[in-house]
Structures are given as C-alpha cells and as structure tokens.
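Spelled out from the first residue to the last, the chains are:
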Amino acid sequence: MAKDFKTTKGLTMRELCDLSQENDDRINEILNTAETEERELTAEEVNEMNTLQNHNLRLQARARAAATTQLRREPDTIAKVEKQIRENVARGAKTEIILMRDVMMIGDVNNGNLVPVNVQDVLKPLSEGTLYDKVGIQIPTGLVGDFVWPLYETVEATLAGESVELSDTKIPFSKLTASPERAGVAIPATYQSLNQTQGLLERIIRELMPEAIRELIDKIILGRTKANESTNLKGPFVGVTAINLDEVPTFRQLNADMKAAVLATGIKGENLCFVMTKAMEAILEGTPINAQGVFMPIVQDHKIAGVPVYTSNRMRDADGTENIAIGDFRYQMAGFFNQQRFIVDPYSKARKDCCDFVLNTDFCTKTLRPEAFKLGKVAKA
C-alpha cells in the first residue's frame, strides 16, 4: 500500500532529498515488477505511483522554497558554498552536489548537511554538447516513472480514384519503454581550477557537470562492448559486425557503404550523425573526395556529405584501432532518471594534483531500430 504522506513541513534539505530518492526507487520497483511479470499495472499500483509522484512534487516545491529563502537570508550563499568546496578539497574531504530538478544541494559528505542553491540563472541543459545535442535531440533529465519514447515510423499513403473516398490514414506509433540503471563516470579536475578565486560553482555547473554527462553518454552509447557485464545498458554498436574501411577511409566507403546503406533500410535519417575520433576527423579534413579536380575535403565544416560529425575518443580501441560509426540517434532512446549526484573527490587522484569529479545517476537507453546504425573499422597502417 502507498505510504501515508501527510506533510513535508519542517523537513531538512537532506530529508527532502532522501525522501524524493526513496519515492523514485519505489516507483522503479513497481514498474520493474510489472515488466518482469509482463503485465499491466494494477489499480493499486497506479494509485501508489500517483501518491508517490504527488509527494515528490511537494518535496520539490519545498526544496525550491528553501533555496529562495536561503538566498534571501544569506545573499552570499554561493560564495560560502564555494569556500566550503575549496576547504573540503584542501583537507581531502568529499563534497556532495545533488541536482533535484532546478535546485542544487551542496554539502560535506561526512556531516550530511545540505545547503540549497537556486541555480536557474546558470544552469543550462545538461545534454548540451553531447552527441544528441549535435543532432538536435534533447535528452530528458529528472524523469520519474515509466519512460516512453514515442516514435512514428511511416505514414501509409492511400491512392484512390475520383469516386472513392480516402480512408483515414493512421500514423503508427512504436512505444518502447526502458528501465533505468545506476551508472557512473569520473572526470579529472585540477586543484588549480578548483582554487580559482571566483566563479567556482558556475564552472562546476557550466563545465564539469555537462562534461560528466557527455562522458557517461559516450561511454555507454558509443561502446563496442557493454560498460560492464552486470548491466543491461548498452548502445547500438555492441556485438555488431563492423565493415572494413581503408587506412584512410574513402568518400565512397563513408557515403555509399555507410550513409546510403543506413538510408536504404528505410530510415529517414533526419538525425543522422557520423562519430569518430578528433584525429580521424583531422585526417579526413585533409583527404580529398576525388583525387582529380578541385580539392574538396571529405570533412567540410564538421560534416560529411551534409551529415554532422561528432568526435569522441571512445571511438579508439585499446589497441589503437580507429572506428567510425554512423547512426540516426532518434532510434537510440536515452534519458536520465531521478536525481543527478556529483561528488568532488580530492582523495583518489591526489598524487596527480587533481581530483575526481564523479557523476552517479540513473540512466536508461535502448536501441529501437538496429538497422539505423552502422559501424566501420579502420585498417591499421
């Protein structure tokens, strides 16, 4: 049965945050049970989910109000938070940063206190600069419950004679759901950048948080193997057979054997994107489309035959082998659930004069149409 949530009055920021996470975990538990048993939700489960979601709305409203009150009472809250982060780094203590909707909560991991900070003025979409951003797709964040990625496939056209009425044309929708799993990634941040005198929190929000999101997406979506064996999270290139590309791939291989091959399956290609390393993009920027005539490079303005190019070092194997991929990423659903938790960890990389900026979040992804993606392996020199 649903818990009896009567009040949110008097809760601390930590309690608001923890209760919200408990609600999210319970919602995922309900959905996972129904999906495992391959059944629809019962009326009781629907009622419990509605209760949990309504409670979360009140918790989030309390958090926003607390952030506004905090700023009114202490206008220098951001400066104090930045000072706390630096002091924590200096003494080797971890700082926890929790993003719950549009409210950020920051505190010392050890003492458990959280200070609310309203970051609407500087918070930009966390998916900015990602592969999905490259092709104009916004990845949803802060999801709760059942994530459905609607996708129209084709519109059946009906031809009729003059005296025959046209039948209704329906757009079939393919709805695939995905369950989130815990995923994480760490990126380095130098002590020098964290010790700068001004703008530390803004740099964390504008640079480190989106960079961590990008790394996590690249790690999962672009991997040729699963990030680890215990997870069901995997991208469209896991286990696929790659086509062979020349040491310096030709325009025909990229355009005909990859782009055209994907489009030939019936994919519209509205969100197509090539993916490769920066080094490979640089090589193709200096490689002509044709050996004769006016020089026209394969990659022009970060595009190949009109298709944008996204670069990631994840496209290089451990043995140095380069890979090139293409795909319509509208057919690789992705989303972030619940809260995003970041840890500034000054201990693990202390000897390298830098600390880890660690992201832990609930992420989901699923390949809707495998034929929308193609992988090429570049021959070694």
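Residues numbered from 1 in each chain as written. Predicted model: local features only at pLDDT ≥ 70, side-chain atom pairs only at ≥ 80, totals over all residues. Heavy atoms only, no water.

### Description of the packing of aromatic side chains
The cut-off we apply is this: When two rings of Phe, Tyr or Trp (its six-membered ring) have centres within 6.5 Å they constitute a pair, described as stacked for plane angles under 30 degrees, edge-to-face for angles over 60, and tilted for the intermediate range. Working definition: helices are DSSP H or I runs of at least four residues, strands are E runs of at least two. Numbering for both runs from the N terminus. Buried residues are those whose accessible area, probed at 1.4 Å on protein chains only, stays under 20% of the maximum for their type, while exposed residues exceed 50% and partly exposed ones sit between those limits. We count a charge as sitting over a ring when the NZ of a lysine or the CZ of an arginine lies within 6 Å of the ring centre and within 35 degrees of the ring normal.
Tallied over the full model, the rule gives four aromatic pairs. Ring plane angle 90° and centroid distance 5.9 Å describe the contact between Phe-237 and Phe-373, whose orientation is recorded as edge-to-face. Residue Phe-237 is located in the loop between α6 (200-221) and β7 (243-245), and its partner Phe-373 is located in strand β14 (residues 373-378); the two are separated by 136 residues in the primary sequence. The same class applies to Phe-237 and to Phe-373, which are both buried. When the centroid spacing of 5.3 Å and the interplanar angle of 70° are considered together, the rings of Phe-329 and Phe-373 count as edge-to-face. One end of the pair, Phe-329, is in the loop between β11 (323-328) and β12 (332-345); the other, Phe-373, is in strand β14, with 44 residues separating them in the sequence. Comparing Phe-329 with Phe-373, the two get one shared label, buried. In this structure, Arg-369 is placed above the aromatic ring of Tyr-331, and the distance from its NZ or CZ to the ring centre is 5.4 Å.

### A look at helix α8 (residues 278-285)
Formally: Taken from the helix axis, the directions to the C-beta atoms give the arc we talk about. Whether two residues are in contact is decided by their heavy atoms: any pair within 4.5 Å suffices.
Regarding α8, the residues found buried are Met-280, Glu-281 and Leu-284. Mapping the buried residues of α8 onto a view down its axis gives an arc of 100°, with all of them on the same face. Among the structural elements, α7 (251-263), β8 (272-276), β9 (303-304), β10 (307-311), β11 and β14 are those in contact with the buried residues of α8.

### Some details on the environment of Thr-365
Note the following rule: For the purposes of these results, a polar contact is taken to be a pair of N or O atoms within 3.5 Å, where, inside protein, one atom must be able to donate a hydrogen and its partner to accept one; residues adjacent in sequence count only when each atom of the pair is a side-chain atom.
Here Thr-365 lies in strand β13 (residues 354-367). The spacing of Thr-365 and Gln-332 is 33 residues in sequence and 6.7 Å in space, taken between C-alpha atoms. Other than its neighbours up to four places away in sequence, Thr-365 contacts Ile-220, Ile-221, Leu-233, Lys-234, Gln-332, Met-333 and Ala-334. Within the structure, Thr-365 has its side chain in polar contact with the side chain of Gln-332 (distance 2.7 Å). For Thr-365, the side chain forms a polar contact with the main-chain oxygen of Met-333, separated by 2.6 Å.

### Points about the sheet that holds β10
Applied cut-off: Pairing between strands is defined by DSSP: at least two bridges between them are needed. Lines fitted to the C-alpha atoms define the axes, with helices restricted to the stretch that makes contact. Angles between their N-to-C directions range from 0 to 180 degrees.
Judged by pairing direction, the sheet is mixed, and its six strands sit side by side in the order β7-β14-β11-β8-β10-β9 without closing on themselves. Each edge of the sheet is formed by a strand with only one pairing partner; in this case those strands are β7 and β9. Across five bridges, β11 lies against β14 in antiparallel orientation. Residue pairing for β14: Asn-323 is matched across the bridge by Lys-377. α7 contacts β7, β8, β9, β10, β11 and β14 of the sheet and is inclined by roughly 160° relative to β14.

### Some points on the pattern of salt bridges
A side chain with one charge can pair with a side chain of the opposite charge if their charged atoms come near. Stated formally: What counts as a salt bridge is simple: a side-chain nitrogen of Lys or Arg found within 4 Å of a carboxyl oxygen of Asp or Glu.
Under the definition given, this model contains twelve salt bridges. Its salt-bridge partner being Glu-48, residue Arg-26 comes within 2.8 Å of it at the nearest N-O pair. With a gap of 22 residues between them, Arg-26 in helix α1 (residues 13-36) and Glu-48 in helix α2 (residues 43-73) connect regions that are remote in the sequence. For Arg-26, a relative accessible area of 28% corresponds to the partly exposed category. Taking relative accessible area as the criterion, Glu-48 reaches 7% and is therefore assigned buried. The shortest N-O distance in the salt bridge between Glu-87 and Lys-83 comes to 4.0 Å. Of the two residues, Glu-87 and Lys-83 both sit in helix α3 (residues 77-90), four residues apart, roughly one turn of that helix. When salt bridges with common partners are traced through the structure, they connect Arg-26, Glu-29 and Glu-48 into a single cluster.

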